[in-house]
Amino acid sequence: MAGPEDDPILEDNIEAEAKSQACVSSSGERDMAPSAPGPSIRRSGSRPQLDLSKAEIQGNFEERDPTILLPNQSDDISHLALDIGGSLIKLLYFSRHEEDYSNDDDKRKRTIKERLGITNGNLRSYPVLGGRLHFVKFETHKINECLDFIHSKQLHRRDPYPWSSKTLPLGTGVIKVTGGGAYKFADLFKERLGVSIEKEDEMHCLVSGANFLLKAIRHEAFTHMEAEKEFVQIDPNDLYPYLLVNVGSGVSIIKVDGEGKFERVSGTNVGGGTYWGLGKLLTKCKSFDELLELSQKGDNSTIDMLVGDIYGGMDYSKIGLSASTIASSFGKAISENKELEDYRPEDISLSLLRMISYNIGQISYLNALRFGLKRIFFGGFFIRGHAYTMDTISFAVHFWSKGEMQAMFLRHEGFLGAMGAFMSYEKHGLDDLMSHQLVERFPMGAPYTGGNIHGPPLGDLNEKISWMEKFVRRGTEITAPVPMAPSKTTGLGGFDVPSSRGSPLRSDASALNVGVLHLVPTLEVFPLLADPKTYEPNTIDLSDQGEREYWLKVLSEHLPDLVDTAVASEGGTEDAKRRGDAFARAFSAHLARLMEEPAAYGKLGLANLLELREECLREFQFVDAYRSIKQRENEASLAVLPDLLEELDSMNEEARLLTLIEGVLAANIFDWGSRACVDLYRKGTIIEIYRMSRNKMQRPWRVDDFDAFKERMLGTGGKHPHRHKRALLFVDNSGADVILGMLPLAREFLRRGTEVVLVANSLPALNDVTAMELPDIVAGAAKHCDILRRAAEMGGLLVDAMVNPGDGSKKDSTSAPLMVVENGCGSPCIDLRQVSSELAAAAKDADLVILEGMGRALHTNFNAQFKCESLKLAMVKNQRLADKLIKGNIYDCVCRYEPPSLSQM
């Protein structure tokens, strides 16, 4: 499969600089003398332990959730592994950050942890905690560039165990390598880097790498029929047995029965080498890629004998053969009086490709049938993400199995051997990782494109932006997704979305990008999901072309406003303007790539797009673009909160409950991610808009389960239902949304004796409130309300007036605590398969989940089922979403109450 060299949106996160740089001497030779050791590093432990107040984004920050680099932080590289084949070098390396647990000493967090029953012992000890796996490719004939890369990051100077940060003396290092190059280049590695190569068995590495990736990455496998990719969810507990078909020069067919249990059961000498060898002889092509590219323009019917050629253009329907079925590859050459030069090289290449691919597919199917296997995974140099190759293999398997089997391919297939070699290190800690503990990100990957290194590794963000500007101006060096034309900037935030596809169609144009794998063992599956296996967070399916084009356009149109806001948040400095323009170019490039190849980054949903935008902002050091806006709206909302609470307290229970839900829906209008709402903000103050929104709250709403919720809360016929034990309130926007909407609702639960946990983002996203901001907001609200004050004290939110949970003399026996936990992400949406350990612990005793806002209740989780009661509250602020989801109009409201899933009752 094609890898990082095919796209600038690569695997490498280009973060902290290596401890030395390869320098070019006057003679042109590279001087590899190591430089002095770099500074020590510090890092936040995981997403639930982030401390944004002390954090500063440095270098290339491409993360969504778990890693914020502190000011004195840099990468600590641990070790690497390689798979050196005849054509490509696949390099995999691991970077680790030292843990910083200073936040654990914070009294407020300790109080919340005590109440939730969280102890350090709850977290298993992983050597790879918080680390990253990076994937890089080089052409084998450019091995010196690979060695330069290793040296520039000092990968060869690290102890070969991920938990160690020791720098080894020259001549003592060992690198795990598989493939033929482990033998061929052993002396070169010793000479250039002073390290020894430890050779690993090629087949064992291949299987080991496949096992890990199939179990650990949720959408690793996909099918490919008629140019359409469809990702397949593999149950890690039901992976074995399967057939692994590795198509290199020849073909090895391996039956895999479990970890370390495999057998080569078959194979053929007709493989990629056959295609390349015959193709070179028959077409004079100079490279494998050139031969594949020829096949894109070929017509095999000019040289292959088809069933229709034998039966007068008719199908042979009696045995199920269509007229276009190949009866004999190259069969027409027998009867035609032509010489080799009379045939087009393009047709020859396509005929060869079909002949070999069909045979591989048929042999693989027969072996699967022989062993009673239903799953066949294909990989190897011959596949390379080439769309037509995958299509022909898929067709063969489908045809011979009569549709009962599917050929499947792997996103990381080119890195199976390198992954397996990495797994051969002792105590690497990866075996126990699950798919919810891996987060894949796709930073802009300068300067590694096309298999070439365009200059030395980048030391800081300024160098990265310069690199982007340089190649955008040159316009010819890089294929999509980096913009091809010079920027047509018309002012701050004004730019055109790149429309160029770059160079002509490549043989690997359908290739899937390989990102950086972030290992976050503290992530957990939300324990209240009714069925995590069938849970799908995304409500909108972006595999539909119309939906995809619409939402990509929406994000593109919103981009100028976002850039303006981000730059303004940092004072409009020249540095901020330059970073803003770079962000705009980078995110436009992502959108262009996804428009061209929707599956480039794996399975695509609207939540993934919104998350990608936030990651891209952080990559260019915009930590909180809406910071000043949030502060202003918080202050304005807190000023009117006392009047609202007084109004609520004057009502009876039934009227108050309705007013509270109306207040949540009305306040949810404050969403800076909605174009319609942004236009509203320019026409009035926050309070004017809130009052207008509340005045328009007329039932019935478009989705209206309020009566069922009221009955659960208040009862009927004089019968009072039991109170909820603990409610999890997933909050959305800052300002009126949380202060005038969700806090009063939380107060109502508290006065009824229900524990309340406010669940907020770990990192900023648009104007969403974060868990770090909530304590100050609650403290401001508590000045006007005794209920909130007592609850906040019990929940550890008021640091100066903390109540010890074990000190019964200081707490009101009728009071319930108000707590805040981080959700583990930094996106407007939430995938409940990956939440913080704090949130998972808080969910343990919860019997009510309230999801509020478009991102968490509509874009994602609208159809989510829970083991407990759930309430989804949102105002729809997009007409297309209203049409698609509720067959309604913009500003329609959703109040969806659901009892526990029937499967849990």
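In what follows, the structure referred to is the one given above.
Residues numbered from 1 in each chain as written. Predicted model: local features only at pLDDT ≥ 70, side-chain atom pairs only at ≥ 80, totals over all residues. Heavy atoms only, no water.

Draft legend 1. Fine view of the overall build of the protein chain. Broken down by element type, the protein chain carries 27 helices and 27 strands. Here the protein chain, with 905 residues, has 60% of them falling under the buried criterion. Put simply, 74% of the contacts in the protein chain that link residues at least 6 apart link residues at least 24 apart. With an accessible surface of roughly 34600 Å², the protein chain has 49% of that area assigned to carbon and sulfur atoms. (Helix = DSSP H or I, 4+ residues; strand = E, 2+ residues; numbered from the N terminus. Buried < 20%, exposed > 50% of the residue type's maximum accessible area, 1.4 Å probe, protein only. Contact = heavy atoms within 4.5 Å. Areas by Shrake-Rupley, 256 points an atom, 1.4 Å probe, with all protein chains shown as cover.)

Draft legend 2. Expanded view of the sheet that holds strand 22 (residues 726–730). Read from one edge of the open sheet, seven strands run 21-27-26-25-22-23-24, paired in mixed fashion. The open sheet has two edge strands with one neighbour each: strand 21 (703–704) and strand 24 (818–822). Packed onto the sheet, helix 18 (residues 653–667) meets strand 25 (848–852), strand 26 (869–875) and strand 27 (893–898) and runs at close to 50° relative to strand 26. (Pairing = 2+ DSSP bridges. Axes fitted to C-alpha atoms, helices over the stretch in contact; angles between N-to-C directions.)

Draft legend 3. How the structure looks around the pairing of strand 20 (residues 516–519). On strand 20, burial covers both faces: Val-516 and His-518 on one face and Leu-517 and Leu-519 on the other are all buried. Bridge count for strand 5 (residues 132–139) against strand 20 is two bridges, and the pairing is antiparallel. Residue pairing in the sheet places Leu-133 in a bridge with Leu-517 of strand 20. Two strands pair when backbone bridges link them, and strand 17 (residues 438–441) and strand 20 are joined in this way by four bridges, in the antiparallel orientation. Residue pairing for strand 20: Leu-438 is matched across the bridge by Leu-519.

Draft legend 4. Up close: helix 27 (residues 879–886). Within helix 27 the residues assigned to the buried category are Leu-881, Ala-882 and Ile-886. The arc that holds every buried residue of helix 27, seen down its axis, measures 100°, which confines them to one face. At its buried positions, helix 27 is contacted by helix 14 (545–568), strand 21, helix 26 (854–859) and strand 27. With a side-chain oxygen lying 3.0 Å from the backbone nitrogen of Arg-880, the N-terminal cap of helix 27 falls on Asn-878. Lys-887 sits one or two residues past helix 27 and shows a positive phi near 50°. (Arc of directions from axis to C-beta. Polar contact = N/O pair within 3.5 Å; in protein donor to acceptor, adjacent residues only side chain to side chain.)

Draft legend 5. Structural detail: the side chain of Ser-569. Turning to its location among the elements, Ser-569 is positioned in the loop between helix 14 and helix 15 (574–596). We classify Ser-569 as buried; its relative accessible area is 16%. Every residue in contact with Ser-569, bar those within four places of it in the chain, is listed here: Asp-624, Ala-625 and Arg-627.

Draft legend 6. Layout of empty space enclosed by the protein. Considering all chains together, one arrives at twelve cavities of 30 Å³ or more under this definition. By volume, the largest cavity is sized at about 710 Å³. Lining the largest cavity are 34 residues; nearest its centre among them are Glu-440, Lys-603, Asn-608, Glu-611 and Gln-834. Sorting the residues of the lining of the largest cavity by element identifies strand 17 and helix 16 (606–619) as the ones contributing at least two each. In terms of residue count, helix 16 provides more of the lining of the largest cavity than any other element does, six residues in total. (1 Å grid on protein atoms, 1.4 Å probe; cavity = no way out; pocket = protein on both sides within 12 Å on 5 of 7 lines; lining within 4 Å. Points joined across faces, edges and corners; volume = space filled by probe spheres on them.)

Draft legend 7. Spatial organisation of the packing of helix 10 (residues 345–371) against helix 11 (residues 387–400). Packing of helix 10 against helix 11 brings their axes to within 8 Å, and their N-to-C directions diverge by 40°. Relative to helix 11, helix 10 is oriented oblique. Viewed along their axes, helix 10 and helix 11 form a crossing whose handedness is right-handed. Residues Leu-350, Leu-353, Arg-354, Ser-357, Tyr-358, Gly-361, Gln-362 and Tyr-365 of helix 10 form the contact with helix 11, whose participating residues are Tyr-388, Thr-389, Thr-392, Ile-393, Phe-395, Ala-396, Val-397 and Trp-400. (Parallel < 35°, antiparallel > 145°, perpendicular 65-115°, else oblique. Left-handed = near helix turned anticlockwise from the far one by under 90°.)

Draft legend 8. Examining the nonpolar core more closely. Of all hydrophobic cores here, the largest spans 72 residues; its most connected members are Phe-526, Leu-728, Phe-730 and Phe-866. Val-664, Leu-714, Ala-782 and Ile-850 belong to the second-largest nonpolar core, a separate cluster that totals 60 residues. (Core = buried A, V, L, I, M, F, W, Y, C linked by side-chain atoms within 4.5 Å.)

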